[in-house]
Amino acid sequence: GLESSPALRNAAVNTVYYMPLWYDNNDTSSYYPAAADVGYNPQAILKHLHLLVTHIGYPNFAYAMPAGGVENEATVPTTIAAMLVQSYQKNIHIFADWPKDENASFGHLLAVGDFLVSSKLTGGHVAYVRITSQRGGPCRLANPWGAEQAVQLRVAGEKPVVLHGAVLKVSTHAGEQLQFEPLAQGDAN
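Owing to the predicted nature of the structure, the values given are computational and were not obtained by experimental measurement.

Here is what the cut-offs are and how they apply
Residues numbered from 1 in each chain as written. Predicted model: local features only at pLDDT ≥ 70, side-chain atom pairs only at ≥ 80, totals over all residues. Heavy atoms only, no water. Helix = DSSP H or I, 4+ residues; strand = E, 2+ residues; numbered from the N terminus. Buried < 20%, exposed > 50% of the residue type's maximum accessible area, 1.4 Å probe, protein only. Areas by Shrake-Rupley, 256 points an atom, 1.4 Å probe, with all protein chains shown as cover. Lys, Arg positive; Asp, Glu negative; His and termini not counted. Charge placed at Lys NZ, Arg CZ, Asp CG, Glu CD. Core = buried A, V, L, I, M, F, W, Y, C linked by side-chain atoms within 4.5 Å. Contact = heavy atoms within 4.5 Å. Phe/Tyr/Trp six-rings, centres within 6.5 Å; stacked < 30°, edge-to-face > 60°. Pairing = 2+ DSSP bridges.

A.B. asks: Help me understand the overall build of the protein in this model?
C.D. replies: Counting its secondary structure elements, the protein contains 4 helices and 10 strands. A principal-axis box enclosing the C-alpha atoms of the protein has dimensions of 60 × 35 × 30 Å. A total of 189 residues make up the protein; the buried ones form 41% of that total. On the protein, roughly 10,000 Å² of surface is accessible, and the fraction owed to carbon and sulfur atoms is 55%. Counting 11 positive and 15 negative side-chain charges, the protein places the averaged centre of each group 8 Å from the other.

A.B. asks: Please clarify how the nonpolar core should be interpreted in this entry.
C.D. replies: A general feature of soluble globular proteins is that nonpolar side chains tend to end up buried together. Counting residues in hydrophobic clusters, the biggest one holds 43 residues, and the most contacted among them are Ile92, Ile94, Phe95, Val117, Val129, Ile131 and Phe180. Contact partners of valine 129, with chain neighbours within four places excluded, come to Ile94, Val117, Ser118, Ser119, Leu141, Pro144, Trp145, Leu178, Gln179 and Phe180.

A.B. asks: What should I look at first to understand the packing of aromatic side chains in this one?
C.D. replies: Describing an aromatic ring pair means giving the distance of the ring centres and the angle of the ring planes. One pass over the full model with this rule turns up 6 aromatic pairs. Here tryptophan 22 and tyrosine 31 contribute two aromatic rings whose centre-to-centre distance is 4.9 Å and whose plane-to-plane angle is 85°, an arrangement assigned as edge-to-face. Residue class for tryptophan 22 comes out buried when judged on its relative accessible area of 4%. Under the relative-accessibility criterion, tyrosine 31 is labelled buried at 9%. Between tryptophan 22 and tyrosine 40, the ring centres sit 5.9 Å apart and the planes meet at 50°, which makes this aromatic pair tilted. Placement of tryptophan 22 in the loop between helix H1 (6-18) and helix H2 (28-37) and of tyrosine 40 in the loop between H2 and helix H3 (42-56) is noted, with a sequence separation of 18 residues between them.

A.B. asks: Just checking my understanding: could you explain unusual backbone geometry for this structure?
C.D. replies: Peptide bonds are mostly trans, and most non-glycine residues show a negative phi. Residues other than glycine seldom take positive phi values, yet phenylalanine 95 does so here, at roughly 50°. In this structure phenylalanine 95 comes out as buried when scored by relative accessible area, which is 1%. In this structure, aspartate 114 takes a positive phi of about 65° despite not being glycine. With respect to the helices, strands and loops of the structure, aspartate 114 is situated in the loop between strand E3 (104-111) and strand E4 (115-122). We classify aspartate 114 as partly exposed; its relative accessible area is 26%.

A.B. asks: Got a minute to help me understand the pairing of strand E9 (residues 167-172) in this structure?
C.D. replies: Looking along a regular strand, one sees the side chains alternate between the two faces of the sheet. Side chains Leu168, Val170 and Thr172 project from E9 onto a buried face, and the interleaved Val167, Lys169 and Ser171 project onto a face without burial. As defined by bridge partners, strand E6 (residues 137-142) adjoins E9 across 6 bridges and the pair is classed as antiparallel. By the bridge assignment for E9, alanine 142 is matched with valine 167.

A.B. asks: Sorry, what's going on with H2 here?
C.D. replies: In an α-helix there are 3.6 residues to a turn, and that puts residues three or four apart on one side. All buried positions along H2 are accounted for by Thr28, Tyr31, Tyr32, Pro33, Ala35 and Ala36. The secondary structure elements touched by the buried residues of H2 are H1, H3, helix H4 (75-84) and strand E1 (85-86). Residue glycine 39 follows H2 closely and has a positive phi angle near 85°.

Without other data, these values stay purely geometric and don't point to any function.
Structure representation (C-alpha cells):
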C-alpha cells in the first residue's frame, strides 16, 4: 500500500510489472485493484481496464474468459474505487492512484472506519474532500494538497478550524460531516 516502506512498494510495483496478469482468466478481480493499491502507473491501469472491457468484456462486465465467474464483474468497480480512495493502512488517501491530469469526482465511497468519502479533482487540483462519519471515531486524512498546505475544516454548527500537516487528524461523532478545503494564501495560519 501507499504507506508501506519504499522497498516494499518498489517490490510490489515490480511484481505488477513482471507478472502482467491483466488478461488472466481468473485473477482480474484482484490483480487490477492490487495494482492500484501499490501505486502502479494509473494510465497503464486505465488502458488495460479499457481493453479488458471493450475487447474481452460483455456489456454486463462479465468477460469472455474460460475461467473466473461472477467475481470478474467486480474488476471495474473495485479497481476504480481503489484508484480514487485507499484507507486500509492508517490514513484515508484521496485520488490515491488516479492520473492527476484526469478530472474525476466521486461520492460516498466507504473508507475504513465507516467513513463515507466524496471528492472532486479538476485541472490537477483537489477541490474539496467531504467525509461523513457514520459511527464516530478518529479520522485520519492524508493531506491531498500536500504537507505544507494549510487546510480549512468545516463541521456543521462549529467554527471552521485550520489544520496543518501531512495527515489531518480529526475526532468525529456519528453522523458528522467534515468538509476539507485548501486554505487560500493569506486567509489564516
